[in-house]
Amino acid sequence: MKLIIAIISNKDVQNVLDSLSKNGFSATKVSTNGVFLEDGHSCLFIGVDEAKVDEAFDVMKGAVSKRIVRNYGVQSTLTGTLLKQPVDVEEYGGVAFIIDVEDFVKF
C-alpha cells in the first residue's frame, strides 16, 4: 500500500478530485498554506495499492494544467532597479510524494 500526498493548485484541485473519483480512487482534501503556489493550494491524501500508483498519477496528470503566469518580481527598497519588472513563469499544477504504508486500518 502507498500513500500519495499531492499538493495541487486550487485552480485544478476540483478537476483532480472529480477525475480521481471517476477512476475509482478516494482522496481526502486538506486546505493548506505555503509559498509553493501563489493562488493557493490543497493537499490530497490518496491511499492506493502499489500496483495502481502509476494509474493514479496518470489521472492526476490529465486533470492539471501547466500555465504561464506573470510574476512581478521581488519587493525591494531600492529605487531604479529592474526587480519589479514582470517575468513570465511556468507554473505547474501540482507536485506529489509517495510514502510506503506499513499498515492500513479502517475503523
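Residues numbered from 1 in each chain as written. Predicted model: local features only at pLDDT ≥ 70, side-chain atom pairs only at ≥ 80, totals over all residues. Heavy atoms only, no water.

1. Considering the nonpolar core
- The biggest cluster of nonpolar side chains holds 17 residues, and the ones touching the most others in it are Ile 4, Val 16, Leu 20, Leu 44, Ile 46, Val 48 and Met 60.
- Setting aside its immediate chain neighbours within four residues, Met 60 contacts Ile 4, Ala 6, Val 16, Leu 20 and Ile 46. (Core = buried A, V, L, I, M, F, W, Y, C linked by side-chain atoms within 4.5 Å. Buried < 20%, exposed > 50% of the residue type's maximum accessible area, 1.4 Å probe, protein only. Contact = heavy atoms within 4.5 Å.)

2. A short note on the layout of surface pockets
- Here the second largest pocket is characterised by a volume of approximately 180 Å³.
- Along the walls of the second largest pocket sit 13 residues, with Met 60, Lys 61, Val 64, Gly 94 and Val 95 positioned nearest its centre.
- Counting only elements with at least two residues in the lining of the second largest pocket, the list comes to strand 1 (2-9), helix 2 (53-63) and strand 6 (94-100).
- Counted by class, the lining of the second largest pocket contains eight nonpolar, three polar and two charged residues. (1 Å grid on protein atoms, 1.4 Å probe; cavity = no way out; pocket = protein on both sides within 12 Å on 5 of 7 lines; lining within 4 Å. Points joined across faces, edges and corners; volume = space filled by probe spheres on them. Helix = DSSP H or I, 4+ residues; strand = E, 2+ residues; numbered from the N terminus. Nonpolar A, V, L, I, M, F, W, Y, C, P; charged D, E, K, R; others polar.)

The values are spatial; any link to function lies outside them.
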